[in-house]
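Here's the letter readout for the chains.
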Amino acid sequence: MTELGLLGPENTYHDMARQKFLPNVSHVLFHSFDDVFKALKEKRIKKALIAIKNNTSGLVGDNLERIKTSGHRILEQFELPIHLCLGSFKAANIESIKKIYSHPMAIKETKKFFVKYSHITFISSTSTVSAIHELKNNREKNSGVIASKEAIEANDLMLLSENIEDNSTNSTTFALVENA
Ligand SMILES: O=C(O)C(=O)Cc1ccccc1
């Protein structure tokens, strides 16, 4: 059985938390929180690393509620500073961006930054890195993503703006959860 399951693909904030706090632990990356919870319930993974709350934007979906109602045990909690960046497929300036893909938490944590760009439509993805993949697959010129600098650079996108999080102390708490 694999030791740990978490939200992927490679270079999500979950993956960055894993690298920082649980390096050298065998792991498998899943496409959605639903898939992580399912694998934990079916005992395909021993533990899961799941984001539960952000210090300014509050709860991460219903993850904490799901952990509690499933009777899973929280073994440890880790806090990761979250710095968000704006990336695009082609060199562009922010004024030309019409559509932005990202995970709902990343969209929430940059709301103030985008207030003056009221023409932008936001589209939810299952993770910041899935958002990058959608953008790349569609080869969309006037679209952007909100993701980490690491994920934007690893996927060869243009970095348009760094540290766009509304709160400079932005951080997320990740729970290490065991199927109990
Ligand atoms: O989409 C990701 O990269 C995640 O790991 C989920 C997430 C998104 C934004 C802040 C914290 C976690």
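Procedures and definitions
Residues numbered from 1 in each chain as written. Predicted model: local features only at pLDDT ≥ 70, side-chain atom pairs only at ≥ 80, totals over all residues. Heavy atoms only, no water. UniProt positions renumbered as here; feature names shortened; annotations may be inferred. Buried < 20%, exposed > 50% of the residue type's maximum accessible area, 1.4 Å probe, protein only. Helix = DSSP H or I, 4+ residues; strand = E, 2+ residues; numbered from the N terminus. Pairing = 2+ DSSP bridges. Core = buried A, V, L, I, M, F, W, Y, C linked by side-chain atoms within 4.5 Å. Contact = heavy atoms within 4.5 Å. 1 Å grid on protein atoms, 1.4 Å probe; cavity = no way out; pocket = protein on both sides within 12 Å on 5 of 7 lines; lining within 4 Å. Points joined across faces, edges and corners; volume = space filled by probe spheres on them. Nonpolar A, V, L, I, M, F, W, Y, C, P; charged D, E, K, R; others polar. Domains from an automatic or database assignment. Salt bridge = Lys/Arg side-chain N within 4 Å of Asp/Glu carboxyl O.

Per an unreviewed UniProt entry, the recorded name for the protein chain is prephenate dehydratase, and the organism is Roseivirga echinicomitans. UniProt, in its Pathway (unreviewed entry) section for the protein chain, records the words "Amino-acid biosynthesis; L-phenylalanine biosynthesis; phenylpyruvate from prephenate: step 1/1."

Asker: Outline the pairing of strand 11 (residues 171-178), supporting the account with residue identities and numerical values.
Answerer: Burial of strand 11 is extensive: seven of the eight residues sit out of reach of the surface. In the sheet, strand 5 (residues 73-81) pairs with strand 11 via eight bridges, with the strands oriented antiparallel. Bridging across to strand 11, Pro 81 finds its partner in Ser 171.

Asker: Give me the nonpolar core: which residues, what numbers.
Answerer: In a soluble, globular protein the nonpolar side chains are often hidden away together inside. Core analysis: the largest hydrophobic core is formed by 42 residues, its most contacted members being Leu 49, Phe 114 and Ile 146. Elements that contribute at least two residues to this core include exactly strand 1 (2-7), helix 1 (13-21), helix 2 (33-41), strand 3 (45-54), helix 3 (63-69), strand 5, helix 4 (104-108) and strand 11. With six residues, the single largest contributor to this core is strand 3. The contacts of Ile 146, once residues within four sequence positions are left out, are Leu 84, Cys 85, Ile 100, Tyr 101, Ser 102, Ala 106, Ile 107, Thr 110, Phe 114, Phe 122, Thr 128 and Ile 164.

Asker: Describe the layout of surface pockets, and please don't skip the residues or the numbers.
Answerer: Within this model, the largest pocket holds a volume of roughly 200 Å³. Lining the largest pocket we find 15 residues, and of these Tyr 13, Met 16, His 83, Ser 148 and Glu 150 sit closest to its centre. Elements with a contribution of two residues or more to the lining of the largest pocket: helix 1, strand 5 and helix 6 (149-154). Taken together, the residues of the lining of the largest pocket break down into six nonpolar, five polar and four charged. Counting contributing residues per domain, the lining of the largest pocket is built from domain 1 (2-81 + 169-178) and domain 2 (85-161), each supplying no fewer than three.

Asker: Lay out the pattern of salt bridges in plain terms, naming residues and giving numbers.
Answerer: In the structure shown here, the tally under the stated rule is nine salt bridges. Put simply, Asp 15 and Arg 18 hold a salt bridge, and the shortest N to O gap is 2.9 Å. One end of the pair, Asp 15, and the other, Arg 18, are both in helix 1, three residues apart, so they sit about a helical turn from each other. Residue class for Arg 18 comes out buried when judged on its relative accessible area of 10%. Put simply, Lys 38 and Glu 42 hold a salt bridge, and the shortest N to O gap is 3.6 Å. Lys 38 sits in the partly exposed class, given a relative accessible area of 47%.

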